[in-house]
Amino acid sequence: MSLSSSEMELRLPPHEGVELSVVDMHTGGEPLRIVVAGYPEVRGDSVLSKRRYAREHLDHLRKVLMFEPRGHYDMYGALIVDSETPEADLGVLFMHNEGYSTMCGHAVIALGRFAVDYKQVKEPRSPETQVNIHCPCGLVKAFVEYSAGKTGAVRFLSVPAFAFATDVTVTVEGFGEVTVDISYGGAFYAFVDAERFGLDVKQSRTRVLVDAATAVTRAVKSQVKLHHPVSDDLAFLYGTILTDGRDQFSPEPTANICVFAEAQVDRSPTGSGVTARVALQYHKGLIQLNQTRTFQSGATGSQFTGKAVEETRCGDFRAVVVEVAGRAFYTGVSRFVQEPQDELTHGFLLK
């Protein structure tokens, strides 16, 4: 027997404490849970300092929203915060199963639509509306298709992206010496051709790909010291991206799979990863300015496009601004509560 909406009103059950209201979206299959109400004040005089404050004082709420039973091992979130930058339309903190990242391209694509649809931008314009999103890594400019009151595809311009080091040899447990490239696209990634492990990013079992990428991440973290010209808060390895090795420019798609944070698998082609990969390809002379490449997720087959559009610098690094484009979609809205008698209310993960 089913109940019609007239027979049963959907409302929150009896509970104590705050309600956490969210809008859920996905970009290329990768989820994004946008927190719109219920969070306490996130203190700090900059978005980066707010990231530190959330990690040190509000991390229990990250676990409530990202972990089971409300989320899952690979859930991803965004918390809207105030920005200290006058030109920003909104600031954002990114969260996942391990903590807080500094950049997230799939989230920026979703947040672009969200910002226009939820009136975070005062005057939407056709054919595109610009949304300035202040991420922990810096200001990212998104451009949202807008026509007849509806939003569509989104492209964004990255912070300066650069190749940090190429052909770095690390000793990876279970695999011996492995040569990796390290590149920055708002976050640092290690890049390896999956063939080095006898794997295919589109055909191999996800568990095997995760194990190989995680082993590389651990090796790079322990053997390579990263630094970033802007802030030490940005100088950490976010994850490893296994590729199909097709780095030379081609009109055909090139596939990759990103394993980040605590062995979390990105379902999308990874926006900041595409940014870092384009910067790496440009550094190696494999792609020229304004040559658009298509990047495919090895996990879902979803696609982003990416291209280097401008040379710039980041400290002593030769860098490029990268444009990444994709589509995001709404999946629902939710209001979460915590009951004090619930022993699992604070969240848990199955590994």
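No experiment lies behind these values; they were computed from the predicted model shown.

(A) Focus on the overall build of the protein. Across its full length, the protein holds five helices and 17 strands. In summary, the protein has a C-alpha radius of gyration of 20 Å against a globular reference of 20 Å for 351 residues, a match within 12%. Based on the C-alpha atoms only, the size of the protein along its principal axes is roughly 60 × 50 × 45 Å. Pairs at least 24 residues apart make up 63% of the contacts formed inside the protein by residues separated by at least 6 positions. Each charge sign in the protein was given a centre, from 35 positive and 43 negative side chains, and these centres are 2 Å apart.

(B) Looking closely at the layout of surface pockets. If you add up the space inside the largest pocket, you get close to 500 Å³. Taken together, 30 residues line the largest pocket, and the ones lying closest to its centre are V210, T214, R218, E262 and A263. Broken down by secondary-structure element, the contributors of at least two residues to the lining of the largest pocket are β8 (162-172), α4 (206-223), β11 (237-243) and β12 (254-260). Estimated volume of the second largest pocket: approximately 200 Å³.

(C) Representation of the domain arrangement of the protein in the model. In terms of domains, the protein is made up of domain 1 (16-157 + 330-337) and domain 2 (160-325). Between domain 1 and domain 2, the C-alpha centre-to-centre distance is 23 Å. At the junction of the two partners, domain 1 supplies 27 residues and domain 2 supplies 31 residues. For the pair domain 1 and domain 2, the summed buried surface comes to about 2200 Å²; carbon and sulfur atoms form 53% of the total.

(D) Molecular detail of the environment of T292. As for its placement among the helices and strands, T292 is situated in the loop between α5 (271-283) and β14 (293-297). Measuring from C-alpha to C-alpha, the distance between T292 and G99 comes to 32 Å, with 193 residues separating the pair along the chain.

(E) Structural view of empty space enclosed by the protein. With the rule as written, the count across this model stands at one cavity of 30 Å³ or more. Of the voids in this model, the largest cavity is the one considered here, and its volume is about 60 Å³. Surrounding the largest cavity, 13 residues form its lining, C104, H106, Y189, D266 and T270 being those nearest its centre. If you count residues domain by domain, the lining of the largest cavity takes at least three from each of domain 1 (16-157 + 330-337) and domain 2 (160-325).

(F) Spatial organisation of the environment of Y238. Counting through the fold element by element, Y238 comes out in strand β11. On the accessibility criterion, Y238 (5% relative accessible area) is buried. As for Y238 and E262, which are separated by 24 residues in sequence, their C-alpha atoms are 9.4 Å apart. At 3.2 Å, the side chain of Y238 and the side chain of Y76 are in polar contact.

(G) Summary view of the pattern of salt bridges. Applying the stated criterion to the full structure yields 13 salt bridges. One salt bridge connects R52 with D233, and the closest N-O pair in it is separated by 2.2 Å. In this pair, R52 sits in helix α1 (residues 47-57) while D233 sits in the loop between α4 and β11, placing the two residues 181 residues apart along the sequence. A single network of salt bridges, built from pairs that share partners, joins E128, R155 and E323.

(H) Local environment of the packing of aromatic side chains. Counted under the stated rule, the structure contains 13 aromatic pairs. The interplanar angle of 25° and the centroid separation of 5.1 Å between the aromatic rings of F162 and Y184 together place this pair among those described as stacked. Of this pair, F162 sits in strand β8 while Y184 is found in strand β9 (residues 176-184), placing the two residues 22 residues apart along the sequence. For F162, a relative accessible area of 1% translates into the label buried. Exposure remark for Y184: the relative accessible area of 1% places this residue in the buried category. Ring geometry for Y189 and Y238: centres 5.8 Å apart, planes at 55°, overall tilted. You can see Y189 sitting in strand β10 (residues 188-193) and its partner Y238 sitting in strand β11, a full 49 residues away along the chain. Neither residue differs from the other here; Y189 and Y238 are each classed as buried. Taken together, the ring pairs in this structure connect Y76, Y189, F191, Y238 and F260 into an aromatic cluster. A cation over a ring is seen here: R155 above F143, with NZ or CZ 4.3 Å from the ring centre.

(I) Fine view of a negative patch on the surface. A cluster of acidic side chains, namely E16, E339, D342 and E343, defines a negative patch on the protein surface. Within the secondary structure layout, E16 lies in strand β1 (residues 16-27).

(J) Region of the structure containing the side chain of R277. Take R277: it is sitting in helix α5. Residue class for R277 comes out buried when judged on its relative accessible area of 1%. Of the polar contacts made by the side chain of R277, one reaches the side chain of D247; its length is 3.0 Å. Not counting chain neighbours up to four residues away, the residues in contact with R277 comprise F191, T243, D244, R246, D247, T254, A255, N256 and F295.

What counts and how
- Residues numbered from 1 in each chain as written.
- Predicted model: local features only at pLDDT ≥ 70, side-chain atom pairs only at ≥ 80, totals over all residues.
- Heavy atoms only, no water.
- Helix = DSSP H or I, 4+ residues; strand = E, 2+ residues; numbered from the N terminus.
- Rg over C-alpha atoms; globule rule 2.2 N^0.38 Å.
- Contact = heavy atoms within 4.5 Å.
- Lys, Arg positive; Asp, Glu negative; His and termini not counted.
- Charge placed at Lys NZ, Arg CZ, Asp CG, Glu CD.
- 1 Å grid on protein atoms, 1.4 Å probe; cavity = no way out; pocket = protein on both sides within 12 Å on 5 of 7 lines; lining within 4 Å.
- Points joined across faces, edges and corners; volume = space filled by probe spheres on them.
- Domains from an automatic or database assignment.
- Buried area = accessible area lost by both parts, 1.4 Å probe.
- Buried < 20%, exposed > 50% of the residue type's maximum accessible area, 1.4 Å probe, protein only.
- Polar contact = N/O pair within 3.5 Å; in protein donor to acceptor, adjacent residues only side chain to side chain.
- Salt bridge = Lys/Arg side-chain N within 4 Å of Asp/Glu carboxyl O.
- Phe/Tyr/Trp six-rings, centres within 6.5 Å; stacked < 30°, edge-to-face > 60°.
- Lys NZ or Arg CZ within 6 Å of the ring centre and 35° of its normal.
- Patch = residues over 30% accessible without salt bridge, like charges linked within 9 Å, V, L, I, M, F, W, Y side chains within 5 Å.
- Areas by Shrake-Rupley, 256 points an atom, 1.4 Å probe, with all protein chains shown as cover.

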